[in-house]
Amino acid sequence: MKAKVILYSDNSNEISNFLNKFYSNKSNHGESTSWKKEFPNPVEITEFIAAFADNINSFDLVMWISLDENVFIKISPSNSNHIIKYLFERYPY
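Keep in mind that what you see is a predicted model, and the values were worked out from it rather than measured.

Caption draft 1: Structural view of the packing of helix α2 (residues 45–54) against helix α3 (residues 80–90). Where α2 contacts α3, the axes come no closer than 10 Å and their chain directions differ by 170°. Relative to α3, the element α2 lies roughly antiparallel. Judged by residue contacts, Ile45, Thr46, Ile49, Ala50 and Ala53 of α2 engage Ser80, Ile83, Ile84, Leu87 and Phe88 from α3. In terms of residue class, the contact of α2 with α3 is made up of 8 nonpolar, 2 polar and no charged.

Caption draft 2: Spotlight on the nonpolar core. Grouped together as the largest cluster of nonpolar side chains are 24 residues, with contacts concentrated most on Phe18, Ile45, Phe48, Ile49, Met63 and Ile65. Among the secondary structure elements, those contributing two or more residues to this core are β1 (3–8), α1 (14–23), β2 (34–39), α2, β3 (62–68) and α3. Each residue touching Ile65, except ones within four places of it in the same chain, is listed here: Lys4, Val5, Ile45, Ile49, Val71, Phe72, Ile73, Ile75 and Ile83.

Caption draft 3: Representation of α1 in the model. Of the residues making up α1, those classed as buried are Glu14, Ile15, Ser16, Phe18, Leu19 and Asn20. Buried residues along α1 sit in contact with β1, β2 and α2. Count one or two residues on from α1 and you reach Ser24, which has phi positive near 55°.

Caption draft 4: Spatial organisation of the pattern of salt bridges. Tallied over the full model, the rule gives 1 salt bridge. With its nearest N and O atoms 2.6 Å apart, the salt bridge here joins Arg90 to Asp68. Placement of the pair is Arg90 in helix α3 and Asp68 in strand β3, with a sequence separation of 22 residues. Classification of Arg90 by relative accessible area gives partly exposed; the value is 31%.

Caption draft 5: Structural view of the packing of aromatic side chains. Taken as a whole and judged by the stated rule, the model has 9 aromatic pairs. Between the aromatic rings of Phe18 and Phe59, the centroid separation amounts to 5.4 Å while the plane-to-plane angle is 80°, which identifies the pairing as edge-to-face. With Phe18 in helix α1 and Phe59 in the loop between α2 and β3, this residue pair connects regions lying 41 residues apart in the sequence. For the pair Phe18 and Phe59, one class covers both residues: buried. Measuring from ring centre to ring centre gives 5.9 Å for Phe39 and Phe48, while their planes differ by 65°; the resulting arrangement is edge-to-face. The class for Phe48 is buried, based on a relative accessible area of 1%. Through a chain of ring-to-ring contacts, the aromatic side chains of Phe18, Phe22, Tyr23, Trp35, Phe39, Phe48, Phe52 and Phe59 assemble into a single cluster.

What counts, and at which threshold
Residues numbered from 1 in each chain as written. Predicted model: local features only at pLDDT ≥ 70, side-chain atom pairs only at ≥ 80, totals over all residues. Heavy atoms only, no water. Axes fitted to C-alpha atoms, helices over the stretch in contact; angles between N-to-C directions. Helix = DSSP H or I, 4+ residues; strand = E, 2+ residues; numbered from the N terminus. Parallel < 35°, antiparallel > 145°, perpendicular 65-115°, else oblique. Contact = heavy atoms within 4.5 Å. Nonpolar A, V, L, I, M, F, W, Y, C, P; charged D, E, K, R; others polar. Core = buried A, V, L, I, M, F, W, Y, C linked by side-chain atoms within 4.5 Å. Buried < 20%, exposed > 50% of the residue type's maximum accessible area, 1.4 Å probe, protein only. Salt bridge = Lys/Arg side-chain N within 4 Å of Asp/Glu carboxyl O. Phe/Tyr/Trp six-rings, centres within 6.5 Å; stacked < 30°, edge-to-face > 60°.

What follows is the structure in structure tokens.
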């Protein structure tokens, strides 16, 4: 199964603003209040989690990740480091 990152926001521009900052470009991600991306290598989402946790006060976003079918984990500053460590332990390649 591929790992998924899901972003939600009540503000239609927040997701686009966050993604533009994360990817360091000005691509148009639209004015959606949700965004989802799948990653074939689950370790790749660690950068997303770290960027989200580091910028939690700058953006009005909620992040969820899914590593297993129909199991979602809400990311917060208090659990982000534990989840990143877990990802490297679970997928050590």
